[in-house]
Amino acid sequence: MLSAMTYIPLIGAVIIAVLPTKNPNVFRWVALLTTLVNFGLSLYTTLSFNRGQPGYQFEEKANWIQPIGAGYHMGVDGVSVLMVQLNGLLFVLAVLASWFSIQKRVREYFVALLILNIGLVGVFCALDFFLFYIFWELVLIPMAILIGVWGGANRIYAAYKFFLYTLVGSLLMLVAIIALYFQAQPLVGHFTLDIVEITNATAAHPLNYTFQVLAFLAFGSAFAIKVPLWPFHTWLPDAHTEAPTAGSVILAGTMLKMGCYGFIRFNLPLFPDASKDLALLMIVLALIAIVYGAMVALVQPDMKKLVAYSSVSHMGFVILGLFAFAYGLGGSSGQTTDALLLKNSQAFEGAVFVMFAHGLLTGGLFLGVGVIYERLHTRDIKTIQNTTRVASRMPVYATIFMLFAMGSLGLPGIAGFVGEFLVMQGAFRVNGWIAFVASFVIIFAAIYLLWMYQRVFFGKVGDYDPAVALGHGAGHEHTPDTPATNQSGPARGADNSAHGQHGLPMPDSEKYGSGTGLDTNRVGTDTLPEKGSGHATPHAGHDNTAHGHHPDPDILANGAKFPDLNLPEGLALIPMGILAIVVGVVPALVLDFLTVSGSNLAVTMVEHSDKLAAIVQLVGK
Amino acid sequence: MSLLTHTLLQISTAKPSFSGDDLYRVLPELIVLVMAVLVVILDLFLPIRSRPALGYLAILGYAGALVATGFLFYYDNPTKTSFSGMFVRDSFSSFFEIIFLVSGILVVLVTPSYSLKRGIPLGETYAIQAFSVLGMMIVGASGDLMAIFVGIELTSIASYLLTGFARTDPGSAEGSLKYFLLGIFATAIMVYGMAWTFGITGSTNLAAISQSITQNNLAGDAGLTLGMLLMVVGFGFKIAAVPFHVWTPDAYEGAPTPVTAFMSVGPKAAGFAALLRVLIQALPALAVQWSVIIAVLAVLTMTLGNVVAIAQNSVKRMLAYSSIAHTGYIMVGLAAYLNTNSPDKQNDAISSVLIYSLIYVFMNMGAFAILIYVQNRQGGAEVNTFNGLAQWAPGMALAMAWCLLSLTGIPPTGGFLGKFYVFRAAIDNGYTWLALVGVINSAISAFFYLRIIYTMYFNPISDEDKARLQPSKSTLIATGVVIASVALLVLGILPGPALDLARDGADPLIQVVKTATGR
């Protein structure tokens, strides 16, 4: 089952790679079908997952590379099944989000996206270090390519930075994996890279303390870069800003979760003593990330960068929750087992819940930013504000975006609230001040999100005034650091004639392919209308409004040329919004998956073996 | 039975004699020799136009030798010596024969298009390559310092010639001359070391040297240490370890590219075979000393190779420095042979050298094959000749990316497995710091390997280039690229059989150590 889920994207990718056609719609449909099948399988896995059963389910095990003890071992527990489910959903949405926005090298784009899918499913399912590492690194290449080929103006720099940053972390992890492999050998009895065997052995006989600390730091640096935790976060805003919309969605939705998942799967259970002792350090780093991310988000002029920094803040909550959980277990020696479990599972469940909710909400926000970028070719908040009143032109879109913004700032009733609340509870038990600082930040979140919403959606009333917008655009034009330059890049391949300094030449037939109206929708506020006659290509049939082309006041004022969500965009955004509300109202849907995993983790991490038996009993209940 | 006693008798009496069995055990070498001589003779009589066909003869010869090696490996595996202990037929020599023969085949595949374009005589190239391969095979299978010397000289002299084969190109002559002058100097040092070793231990036979050291308690002898040091310097030159690498960049850049590809793979592996044979088979008692030396050299080699490679603007020179860096990674595995107590750990160290050398053949030859493909069409080897390769030759670009990722050590390529195995051996034997240095170097190397990938995929191609460059047919290079890429995939995903083979290959050295030290 899990293998099928992992390798179906491979089949899709191969089909797309070899299909003897040049019609991009074929590639889109194959990619959509593949991700739908993948989503179906993940849904089936989630639904038939037995939430009360400890340990891994849907396990698959086979010998693989015997000389080094690497096996092929896949399986999911409560945490990973949620991640796989989220991943399955997000990839469908990612394909939908790329439907019109990707116009150049469509075949390669979907191949890269599907290979990324393989890596991401594999990372969450692999139960063997060798296998895990392969998937972990497999994610890196297609993502770097997605950013580097289909990204914004500064994409090469961003792709480089992303690749090298994460590679350094993973290589440190590789050394730690090999060292762990030798440390665990006497405990397990033979050489193995099996995660379950090693975890069980180290739970019974903890590893040497010094080794635990060193390995914690080595694994931790890999995961902290991926999360990303302050001060390892600097790659994230670049990568997010330059990535295409779908890339951002996947990056925020599941790739950042790889880091959190790593902490849950490896750092906490394998190095429990180090985790407890270093918990305070991690909590402090997480707090800095939470505060720092929010503060920086406040001053971002670029929508995407704002959401990226809010991600840094949210992921800080995950780490805060996880290590509040670990910290709580550290001081547990005198307490009864019941209290121990109750007290700590909240923080853990909260952390995983934030992971899930962040995937939905931030994924939604990025999709939303992508929608407006398609229409205005800018993400600069001020420019949008001065261009038009988006809310009155795109009411459906404004409503859904509101939902994601509210969810992201932690409005009760939407997914974002539950996780943060639980994490805060856990943090409060560690120290009231920690919880105070963390909850204070939610106010910042409200400020930057609402402020952004207000300026983007309730901008200039009345007719579009090109002079204002152009004036703003020009102000940014010669300062490469301002996000406004994103508009001038060969962003969607449509303007390589004017700004193709990095762009790859592309035949016109591909540029203005049939049924793909959006690429001609050039409203870059700083670009001069060098192609004055717009290409109002007929739409694919799901929406009979034609798209606008240029900063042409008549067209913008007309409104008809500035359409609300089109079909793929709606299909991507609306289910996500519904899911965010459902999960927010009935959090048990997610939390039920985590109870057993949380208790299991706590059992693995407590020191005394006599307690162990008691807790095992409790878990059994 | 009679065969075995016969051999044993031969060794025990140590009387120089010669029998059919001796010849049987050098069958692969004989096949290559016959092939080489045939190529030389046919080259004289064939008309120029049909000389490229000699390549098929060469491939046939290498393939035949491979089959013979396989046959001997499966049906006659236990260690046996011939020619009075000069020559050893064991799984170690078989493993290295595989490496040499595979690189021989690959280099024949990539040679013709390049040489024909530049007027480099094909037949002679094939013949000299074959003699070079023969020399390497002798090194891998030698049981005596003299045999190692003969093998290394045969390889080296062939390499000097091949480097200067582009006779009209001053760069080629310059590289060849530098290589030759420094090479004979290094050979002299190596022979001097061998002489010291012989003087102290009284033998040139590797097993006898080891025995003599334990029996006469010579491990602390200064003269022996000097001999070891001199030999390490000599072999260090052949494998291009820093600081004995100064000839490498010029020779590699000046030589015709197929020769560069060959030299960066074959003689290097032969150097490692010699190092393993001498250090582990003859001088295990000095492991404490040489392990540290090799470790320090490994750090220098990796770091210098990678750091200097970043600054290179020619892909050929970049690959030259990258090959120095890879020497360093392999040396990490060799240095890991410190712990002489556990046969398992010894095997980890030795087999990591073997498997990395094998994987390195494929990834480096693959990358060079594509470089040759590009060079044939673009003329130069600068990074910008790779601009937009993904547009006009998507298959080649994909293969190049695959080989470069492998060189970086990204899974699921073979390169990752090689690095994993080498670092594993290092950590296992208490060289965690060395593994960390290796890992940091891998990260550094990502800079310049990725640069090529970015150039191929993200840089635009100029319009006149686009019109000029058509993905024309080059079946032979494509075959080589496909072999290398597929091998890297298989070694990355299903490395089990290859690992078993490498572990088998490492075994003979360990047994020798055990008997030599009396355990």
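Residues numbered from 1 in each chain as written. Chains lettered and ligands numbered in written order. Predicted model: local features only at pLDDT ≥ 70, side-chain atom pairs only at ≥ 80, totals over all residues. Heavy atoms only, no water.

Undergrad: Quick rundown of the environment of A:Lys257? Include the residues and the values.
TA: All names here are of chain A. Among the structural elements, Lys257 can be located in helix H10 (residues 245-270). Accessibility expressed as a relative area gives 0% for Lys257, which makes it buried. Spatially, the C-alpha atom of Lys257 lies 10.0 Å from that of Asn87, the residues being 170 residues apart in sequence. In this structure Lys257 touches Met83, Phe124, Ala252, Met315, Met355, His358 and Gly359, once residues within four positions along its chain are discounted. (Helix = DSSP H or I, 4+ residues; strand = E, 2+ residues; numbered from the N terminus. Buried < 20%, exposed > 50% of the residue type's maximum accessible area, 1.4 Å probe, protein only. Contact = heavy atoms within 4.5 Å.)

Undergrad: Summarise the packing of aromatic side chains; cite the residues concerned and give the values.
TA: Scanning all chains against the criterion turns up 51 aromatic pairs over all chains. Ring centres of B:Phe73 and B:Tyr74 lie 5.0 Å apart, and the angle between their planes is 85°; on these two criteria the pair is classed as edge-to-face. Here a set of aromatic residues connected by ring pairs shows up, and it is made of A:Phe129, A:Phe132, A:Trp136, A:Phe216, A:Phe219, A:Phe223, A:Phe263, A:Phe266, A:Phe271 and A:Phe323. A cation sits over an aromatic face here: A:Lys226 above A:Trp136, 4.9 Å from the ring centre. It is B:Lys419 that lies over the ring of B:Tyr329; its NZ or CZ is 4.4 Å from the centre. (Phe/Tyr/Trp six-rings, centres within 6.5 Å; stacked < 30°, edge-to-face > 60°. Lys NZ or Arg CZ within 6 Å of the ring centre and 35° of its normal.)

Undergrad: Summarise the environment of A:Ala239; cite the residues concerned and give the values.
TA: Residue and element names in this part refer to chain A. Residue placement: Ala239 occurs in helix H9 (residues 235-242). C-alpha separation for the pair Ala239 and Gly151, spaced 88 residues apart in sequence, amounts to 8.8 Å. Apart from the residues lying within four places of it in its own chain, the contact partners of Ala239 are Ile147, Ala158, Phe162 and Leu251.

Undergrad: Got a sec to walk through the pairing of strand E1 (residues 57-65) of chain A? Specific residues and values, please.
TA: All names here are of chain A. Pairing between E1 and strand E2 (residues 70-76): six bridges, direction antiparallel. Residue Gln57 lies in a different strand from E2, and its bridge partner there is Val76. Counting the residues in the hairpin turn of E1 and E2 gives four residues, including Gly69, whose phi is positive at 80°. (Pairing = 2+ DSSP bridges.)

Undergrad: So what's going on with the packing of H10(A) against helix H24 (residues 588-605) of chain A? Which residues, and what values?
TA: All names here are of chain A. Orientation of H10 relative to H24, taken along the N-to-C sense of each, is 30°, at an axis distance of 8 Å. Here H10 lies roughly parallel to H24, going by the angle between them. Seen from H10, the contacting residues are Ile264, Leu268 and Pro269; seen from H24, they are Leu601, Thr604 and Met605. Each residue belonging to the contact of H10 with H24 can be placed in one class, and the counts come to five nonpolar, one polar and no charged. (Axes fitted to C-alpha atoms, helices over the stretch in contact; angles between N-to-C directions. Parallel < 35°, antiparallel > 145°, perpendicular 65-115°, else oblique. Nonpolar A, V, L, I, M, F, W, Y, C, P; charged D, E, K, R; others polar.)

Undergrad: Go over the nonpolar core with me, naming the residues and quoting the values.
TA: Buried together is how nonpolar side chains tend to be arranged in soluble globular proteins. Counting residues in hydrophobic clusters, the biggest one holds 397 residues, and the most contacted among them are A:Phe130, A:Phe219, A:Phe323, B:Leu283 and B:Trp290. Per-element accounting of this core gives the leading share, 21 residues, to helix H16 (residues 343-378) of chain B. Each residue touching B:Trp290, except ones within four places of it in the same chain, is listed here: B:Met228, B:Leu279, B:Ile280, B:Leu283, B:Leu334 and B:Tyr337. (Core = buried A, V, L, I, M, F, W, Y, C linked by side-chain atoms within 4.5 Å.)

Undergrad: Break down the interface of chain A and chain B for me, citing the residues and quoting the values.
TA: Accessible area lost upon the coming together of the parts is a frequently used measure of interface size. Contact with chain A, which involves 35 residues of that partner, is made by 37 residues of chain B. For the pair chain A and chain B, the two sides together bury roughly 3,300 Å², of which 80% comes from carbon and sulfur. At the junction of chain A with chain B, the criterion picks out zero salt bridges. For the interface between chain A and chain B, the tally reads six residue pairs in polar contact (both at pLDDT 80 or more). (Buried area = accessible area lost by both parts, 1.4 Å probe. Salt bridge = Lys/Arg side-chain N within 4 Å of Asp/Glu carboxyl O. Polar contact = N/O pair within 3.5 Å; in protein donor to acceptor, adjacent residues only side chain to side chain.)

Undergrad: Just give me the short version of empty space enclosed by the protein, but keep the residues and values in it.
TA: Residues and elements named next belong to chain A. Scanning the entire structure with this criterion turns up 13 cavities of 30 Å³ or more. Counted as a void, the largest cavity has a volume near 120 Å³. Considering the residues around the largest cavity, the lining is formed by 15 residues, among which Leu96, Ala97, Leu367, Val371 and Glu569 are closest to the centre. Every element with two or more residues in the lining of the largest cavity is listed here: helix H3 (78-101), helix H13 (337-376) and helix H23 (567-585). For the lining of the largest cavity, the residue count by class is nine nonpolar, four polar and two charged. (1 Å grid on protein atoms, 1.4 Å probe; cavity = no way out; pocket = protein on both sides within 12 Å on 5 of 7 lines; lining within 4 Å. Points joined across faces, edges and corners; volume = space filled by probe spheres on them.)

Remember, this is a structural readout, not a statement about activity or role.
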